[in-house]
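One letter stands for each residue in the lines below.
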Amino acid sequence: MNIDVEVSEVHINVGRLLNKVNGNTLGREAAREWWRLYADWTPFREGDLYNDVRFRPWEIHHVVPYAKYQYYGDGFHFFRGYHPRAASRWDKRAEPTQKPKLVQTLQRFVDRGGLHLGE
C-alpha cells in the first residue's frame, strides 16, 4: 500500500520555534532548575546570596554585592551549617553529580510539551 501526501503550502514561524528551543522557554527552565540543583554548594548563612537571584534564559545572576567575592573565594572557610558542601565556584563543583539531573529534568520538560511547539 502506498500513501501519497501532497503539501501545497506550509506556514511555520521558524524564528518563534527556535526562540522557544534556544531561548526564553527552555533557557529559563534550565536556569531555575540549575539554581535549585547547585543549592548545597552555594555558601549560605542567612540566605541572601542564594535567594537574591535574577534569572534570564541560560543565566543565573546572584545579585548581592559580595557574590563575586564568594564565588571566586578559593581558600575561604565557608559556613556549612545549612549547605553542607558550600564552596567557591559552586556551579562547577556541583556539575559532576548534578548536571545529569539537569539534563534529565530538561528532557522531561520537553517530553511533556513544556516548549508548546504546536502553539
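Residues numbered from 1 in each chain as written. Predicted model: local features only at pLDDT ≥ 70, side-chain atom pairs only at ≥ 80, totals over all residues. Heavy atoms only, no water.

### Things to note about helix 5 (residues 90-111)
- Along its length, helix 5 shows its largest kink, about 75°, at Pro-96.
- Taken together, the buried positions of helix 5 are occupied by Trp-90, Asp-91, Ala-94, Gln-98, Leu-102, Thr-105, Leu-106 and Phe-109.
- Where the residues of helix 5 are buried, they touch helix 2 (24-37), helix 3 (48-51), strand 2 (59-62) and helix 4 (67-71).
- Following helix 5 by one or two positions, Gly-113 has its phi on the positive side, about 85°. (Bend = angle between axes of the 7 residues up to and from the residue. Helix = DSSP H or I, 4+ residues; strand = E, 2+ residues; numbered from the N terminus. Buried < 20%, exposed > 50% of the residue type's maximum accessible area, 1.4 Å probe, protein only. Contact = heavy atoms within 4.5 Å.)

### Quick word on the packing of helix 2 against helix 5
- Two elements in contact, helix 2 and helix 5, have axes whose closest approach is 9 Å; the angle formed by their N-to-C orientations is 135°. By the angle between their axes, helix 2 is oblique relative to helix 5. With respect to the hand of their crossing, helix 2 and helix 5 are arranged in right-handed fashion. On helix 5, the residues that touch Thr-25, Leu-26, Glu-29, Ala-30, Glu-33, Trp-34 and Leu-37 of helix 2 are Asp-91, Ala-94, Glu-95, Gln-98, Lys-99, Lys-101, Leu-102, Thr-105, Leu-106, Phe-109 and Val-110.
- Counted by class, the contact of helix 2 with helix 5 contains nine nonpolar, three polar and six charged residues. (Axes fitted to C-alpha atoms, helices over the stretch in contact; angles between N-to-C directions. Parallel < 35°, antiparallel > 145°, perpendicular 65-115°, else oblique. Left-handed = near helix turned anticlockwise from the far one by under 90°. Nonpolar A, V, L, I, M, F, W, Y, C, P; charged D, E, K, R; others polar.)

### Re the packing of aromatic side chains
- The final tally for this structure, using the stated rule, is nine aromatic pairs.
- Centre to centre, the rings of Tyr-71 and Trp-90 are 5.1 Å apart; their planes meet at 90°, and the pair counts as edge-to-face. Placement of the pair is Tyr-71 in helix 4 and Trp-90 in helix 5, with a sequence separation of 19 residues. With respect to class, Tyr-71 is no different from Trp-90; both count as buried.
- Measuring from ring centre to ring centre gives 5.8 Å for Phe-76 and Phe-78, while their planes differ by 45°; the resulting arrangement is tilted. (Phe/Tyr/Trp six-rings, centres within 6.5 Å; stacked < 30°, edge-to-face > 60°.)

### Overview of the nonpolar core
- Formed by 23 residues in total, the largest nonpolar core has its most connected members in Trp-34, Trp-35, Tyr-38 and Trp-90.
- At the level of secondary structure, the elements contributing two or more residues to this core comprise helix 2, helix 3, strand 1 (53-56), helix 4 and helix 5.
- With six residues, the top contributor of residues to this core is helix 2.
- Trp-34 has contacts with Ile-60, Asp-91, Ala-94, Glu-95, Gln-98, Lys-99 and Leu-102, leaving out every residue within four places of it along the chain. (Core = buried A, V, L, I, M, F, W, Y, C linked by side-chain atoms within 4.5 Å.)

### Structural notes on the side chain of Thr-105
- With respect to the helices, strands and loops of the structure, Thr-105 is situated in helix 5.
- For Thr-105, a relative accessible area of 14% corresponds to the buried category.
- A polar atom in the side chain of Thr-105 sits 2.9 Å from the backbone oxygen of Lys-101. (Polar contact = N/O pair within 3.5 Å; in protein donor to acceptor, adjacent residues only side chain to side chain.)

### Remarks on the confidence of the model for the chain
- Per-chain confidence: the chain averages 85 in pLDDT, with 77% of residues scoring 70 or above.
- Within the chain, the lowest mean pLDDT, 60, falls on helix 1 (residues 14-22), and the highest, 95, falls on strand 2. (pLDDT = per-residue confidence, 0-100.)

### Section: the pattern of salt bridges
- Applying the stated criterion across every chain yields a total of five salt bridges.
- Ionic pairing is found between Arg-89 and Asp-74, a salt bridge with its closest N-O pair at 3.0 Å. Of this pair, Arg-89 sits in the loop between helix 4 and helix 5 while Asp-74 is found in the loop between helix 4 and helix 5, placing the two residues 15 residues apart along the sequence. (Salt bridge = Lys/Arg side-chain N within 4 Å of Asp/Glu carboxyl O.)

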